[in-house]
Every structure is written in C-alpha cells, then in structure tokens.
Amino acid sequence: MEFAIEVCNVTKTYKIANNRDGNTGWFHSLVKPERKELTAVSDLSFQVSTGDSVGYLGPNGAGKSTMIKMMTGILVPTSGTIELRGRQPHLHRKENAQHIGVVFGQRSQLWWELPVVDSFELHKIMYSLSNYCYERNKNYLLQVLEIKNFWNQSVRQLSLGQRMRAELALALIHEPKILFLDEPTIGLDIEAKEAVRKILRQIQSERELTIILTSHDLQDIREICSKVIIVNGGELIFEGTLDTLRAQMGPERRLVITFAKPTGELRIAGTALISNDKFEKHYLIQDRATSSGNILAQLKDIDNIVDFSVRELTIEEIVKSVYRNGSIVKCS
Ligand SMILES: Nc1ncnc2c1ncn2[C@@H]1O[C@H](COP(=O)(O)OP(=O)(O)OP(=O)(O)O)[C@@H](O)[C@H]1O
C-alpha cells in the first residue's frame, strides 16, 4: 500500500522560559533566564494512505498544530522522521510545497485588499503553473466552489463562508495531492459549514486527495473523514476508523436537563444518569436508537423542567471516554 504520509517516532520539544518562584524569582528570571523543555509531540508514529481523509483530533494544547507544522515542513522534528510521498518535508520544502495545500481557518492566504482573482494570479506565478493547468484548475474550482460571482470582488468584502470557499480554491489551484485543513469551518454558520463539507467530499473523491483535518467540530470529522487519529499531551491515544472509535467510545450524545425546583433522581429510558444535581442533571444517551423524539416524549409529562438540550460530546469528553473504555486503540 502506498503511503502519502509516514510519521515514525516523531518527538518535538520546545525550549520555554522557566519562571522561578519566590519573591525574587521574577528578578532572577530577568537577569539570568533559565530555559526548560516542553514536549509538544512525544514519540508519535502513524501512516496515512493515499486518498485517505484523516481527522486529527485532540484537546487544546495536545500538539495538533505542532504536528501539522512539521508535516508541512515549517517545523523540524527534534527526533524521528516524517515523509510525505517519500520526502522529508523540512529538507525539501520547495518540492513539498508543490504537493501540499494548506488552509488555516484562522489565517488567510488571500490578499485582503485585492480582488479574489489577484491572489490566484499570484499563486499561478509562485507555483509556475502553465496556462493550461491554471485555467483547467481554475474553471473546475470556480464551478465546484461556486465562487464565480465574487471572483472580482475584494477579499475584505466577502462573507466568512465565501472567504473560506476562496481559501479552499486557492489551496487547491496547483492540484496538490495532500490537503491540510486546520479548523476549516471555524466561525461559519451551519449552512456555510455544510457547503464546505459537501465540497470537500466531492473534491476528495474526484481528485483522490489525501486530507488531514483538525477540527473541534465533530460533524466535520464525521462527514469528511474515514479515519481518526486522537492525540493527548503529545501522545497518540487512538488511531482507527470512525466506526472503531464509536465502538470504543459508546454513547456520543449528552442530555442536559435544568429544573425549576430541586428534583430527586430521575431515570430516562435509553440514557444513563451521570450527574445528579438537584437543579441540573446530565445523562449519556446510551442507545443509538434513542432519538431526540423518543426523549422528548418522555420529558413532556414532567413539569418543573426549565430547559433541556441534547448535545454531542466534546473532544475532551471523547478523550476521557477513550481512556475510560479501555486501552489505547491502534488499528489501521
Ligand atoms: N512556538 C512554541 N514555543 C513554545 N511552546 C509552544 C510553541 N508552540 C506550541 N507550544 C506548546 O506546545 C504544546 C502543543 O501546542 P499546539 O499548538 O501544537 O497544540 P494544539 O493541539 O494545536 O492546541 P490548540 O487546539 O489549542 O490549537 C502547548 O503546550 C503549547 O503551549
């Protein structure tokens, strides 16, 4: 099997200031600063096959951005090796750039004051694209990403959803084989999120694109990715398919009910009571067959309910669940 990405025993440490305690600590840190090491990525190994779409998940500070920066060649691993299509990214930054596209949800590659088209013309020059290749890709992306009607508009006038579609098109204009997406739907409304996910699914299948996606929105992962890697504290804690993760995790939704008056223990069929405060109770929805309608039917006869919500587990809760429900799973 051909691997698009091979990560082998990679560790990345940063040197950070060691601020000393005590009354004079600040003074000593100022005149004689000490440094200590922080391990952001710890002995990580995994492979991504060509054409796979992988969700790279973890709580804040888990080392996701550090890993993406190493895979794109911006940072150099402290030890271990990374290969993208057989090449170490930091040693072959120029060649590597031809094969990868990068979208950071919180940072723009588009020129803010200029019309959208200008950023594309610039990329054409930067990537030395032939007229034929540029026009073919441009026409494809303009149509799939529906950006024709704001093609000549200045970037700062675009809505967030339009800008993200333009960012995606720009990252794909040189027809990369691997696309890195860091929180691509952050800040978008539901409709715009849906559009981005649909487009990514389409482009991925039409171009056999390998996708690495970090997101705190589980719906992104569910709709775009076939595999998941979960990291915590720089270490790999899960690698496998979404189905394996679901089986490992158990319930994926949480029901929260708020009461007007102090209320004793209350059971709801198809859920497990996990937090039993007098005014607020939390339940894990155990059974995938338990629909919101089913829950609503059970709640309608209980007066005294001020509010209730059914929400997905957060990444932090998933990480806890992976730890709680057994050993760390690695199954490619
Ligand atoms: N340039 C840096 N210098 C020193 N420490 C850093 C640097 N970049 C990241 N770190 C530290 O490395 C650890 C991992 O950070 P990283 O940004 O990779 O995590 P992350 O999973 O992407 O987090 P988030 O989801 O919050 O973006 C954190 O403790 C962070 O403070």
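This text goes with the structure placed above it.
Criteria and cut-off values
- Residues numbered from 1 in each chain as written.
- Predicted model: local features only at pLDDT ≥ 70, side-chain atom pairs only at ≥ 80, totals over all residues.
- Heavy atoms only, no water.
- Axes fitted to C-alpha atoms, helices over the stretch in contact; angles between N-to-C directions.
- Helix = DSSP H or I, 4+ residues; strand = E, 2+ residues; numbered from the N terminus.
- Parallel < 35°, antiparallel > 145°, perpendicular 65-115°, else oblique.
- Left-handed = near helix turned anticlockwise from the far one by under 90°.
- Contact = heavy atoms within 4.5 Å.
- Pairing = 2+ DSSP bridges.
- Core = buried A, V, L, I, M, F, W, Y, C linked by side-chain atoms within 4.5 Å.
- Buried < 20%, exposed > 50% of the residue type's maximum accessible area, 1.4 Å probe, protein only.
- Expected span 1.5 Å × (residues − 1).
- Near = heavy atom within 4 Å.
- Polar contact = N/O pair within 3.5 Å; in protein donor to acceptor, adjacent residues only side chain to side chain.
- Areas by Shrake-Rupley, 256 points an atom, 1.4 Å probe, with all protein chains shown as cover.
- Phe/Tyr/Trp six-rings, centres within 6.5 Å; stacked < 30°, edge-to-face > 60°.
- Nonpolar A, V, L, I, M, F, W, Y, C, P; charged D, E, K, R; others polar.

Participant: How would you summarise the packing of helix α6 (residues 160–172) against helix α7 (residues 190–207) if you had to cite specific residues and measurements?
Facilitator: In the contact formed by α6 and α7, the axes pass within 10 Å of each other and the chain directions differ by 15 degrees. Put simply, α6 runs roughly parallel to α7. Judged by the sense of rotation from one axis to the other, the crossing of α6 with α7 is right-handed. Residues Gly161, Met164, Arg165, Leu168 and Leu172 of α6 form the contact with α7, whose own contacting residues are Ala192, Val196, Ile199, Leu200, Ile203 and Arg207.

Participant: Can you lay out the sheet that holds strand β4 (residues 79–84) for me, pointing to particular residues and giving the numbers?
Facilitator: The 3 strands lie next to each other as β2-β1-β4, forming an open sheet whose pairing is antiparallel. For this open sheet the edge positions go to β2 (35–49) and β4, each flanked by a neighbour on one side alone. Going across the sheet, the axis of each strand differs from the next one's by a mean of 25 degrees, ignoring polarity. Across 5 bridges, strand β1 (residues 3–17) lies against β4 in antiparallel orientation. Looking at the pairing, Cys8 lines up with Thr81 of β4.

Participant: How would you explain the nonpolar core if you had to name every residue and give the values?
Facilitator: If you look at the biggest cluster of nonpolar residues, it comprises 55 residues, and the most contacted ones within it are Phe120, Leu179, Ile203 and Ile230. When residues of this core are assigned to their parent elements, the largest contribution, 7 residues, is made by α6. Excluding anything up to four places from it in sequence, Leu179 contacts Gly101, Val102, Leu168, Ala171, Leu172, Leu200, Leu209, Thr210, Ile211 and Ile212. Counting 27 residues, the second largest nonpolar core, distinct from the first, contains Tyr56, Met70, Leu75 and Val102.

Participant: Provide a residue-level description of the pairing of strand β10 (residues 253–259), including the pertinent values.
Facilitator: Most of β10 is tucked away, with 5 of its 7 residues classed as buried. Sheet analysis places β10 next to strand β12 (residues 280–285), joined by 6 bridges and oriented antiparallel. Counted as the bridge partner of Leu255 is Tyr283 from β12. Two strands pair when backbone bridges link them, and β10 and strand β13 (residues 305–312) are joined in this way by 7 bridges, in the antiparallel orientation. Residue pairing for β13: Phe259 is matched across the bridge by Ile305.

Participant: Give me the sheet that holds β10: which residues, what numbers.
Facilitator: Sheet strands line up and pair through hydrogen bonds in the backbone, either parallel or antiparallel. The 4 strands are arranged β11-β12-β10-β13 in an open sheet whose pairing can be described as antiparallel. Strand pairing shows two members of the sheet lacking a second neighbour, β11 (271–276) and β13, which therefore form its edges. Going across the sheet, the axis of each strand differs from the next one's by a mean of 20 degrees, ignoring polarity. The sheet strands contacting helix α10 (residues 292–299) are β10, β12 and β13, and the helix crosses β13 at an angle near 160 degrees.

Participant: Could you give an account of α7, with specific residues and numbers?
Facilitator: Here α7 spans 26 Å end to end across 18 residues, near enough to the 26 Å set by a 1.5 Å rise per residue. On its buried side, α7 packs onto β3 (53–57), α5 (131–144), α6, β6 (178–182), β7 (210–214) and α8 (218–224).

Participant: Requested: an account of the pairing of β1, with residues and values cited.
Facilitator: Judged from the 11 bridges that link them, β1 and β2 form a sheet pairing that is antiparallel. Note on β2: the bridge partner recorded for Lys12 is Val41.

Participant: Any chance you could break down the site of the ligand for me, citing the residues and the numbers?
Facilitator: The ligand sits among 13 residues. The nearest are Gly61, Gly63, Lys64, Ser65 and Thr66. Taking Thr66, its side chain carries an N or O atom lying 2.5 Å from an oxygen atom of the ligand. Its free accessible area being 640 Å², the ligand has 60% of it covered by the protein chains. Where the shell around the ligand is concerned, the elements lending two or more residues are β1, β2 and α2 (64–71). With 3 residues, α2 is the single largest residue contributor to the shell around the ligand.

Participant: Just give me the short version of unusual backbone geometry, but keep the residues and values in it.
Facilitator: Excluding glycine, residues mostly carry a negative phi; peptide bonds, for their part, are mostly trans. Phi is positive for Asn9, close to 50 degrees, though the residue is something other than glycine. For Asn9, the location among the structural elements is in strand β1. What makes Asn9 partly exposed here is its relative accessible area of 39%. Positive phi is not limited to glycine here, since Arg85 has a value of about 50 degrees. On the secondary structure map, Arg85 appears in the loop between β4 and α3 (93–99). Accessibility expressed as a relative area gives 36% for Arg85, which makes it partly exposed.

Participant: Would you mind going over the packing of aromatic side chains in detail, with residue names and values included?
Facilitator: Counted according to the given criterion, the structure contains 2 aromatic pairs. Between Phe46 and Tyr56, the ring centres sit 5.8 Å apart and the planes meet at 50 degrees, which makes this aromatic pair tilted. Of this pair, Phe46 sits in strand β2 while Tyr56 sits in strand β3, and the two are 10 residues apart along the sequence. The pair formed by Phe46 and Tyr56 is uniform in burial state, with each residue classed as buried.

Participant: Tell me about the packing of helix α4 (residues 116–126) against α6, and please be specific about residues and values.
Facilitator: Running from N to C, α4 and α6 cross one another at 15 degrees; their axes reach a closest spacing of 10 Å. Comparing their axes, α6 and α4 come out roughly parallel. You can see that α4 and α6 cross each other, and the crossing is right-handed. Here Val116, Ser119, Phe120 and His123 of α4 lie close against α6, whose contacting residues are Ala166, Ala169 and Leu170. Each residue belonging to the contact of α4 with α6 can be placed in one class, and the counts come to 5 nonpolar, 2 polar and no charged.

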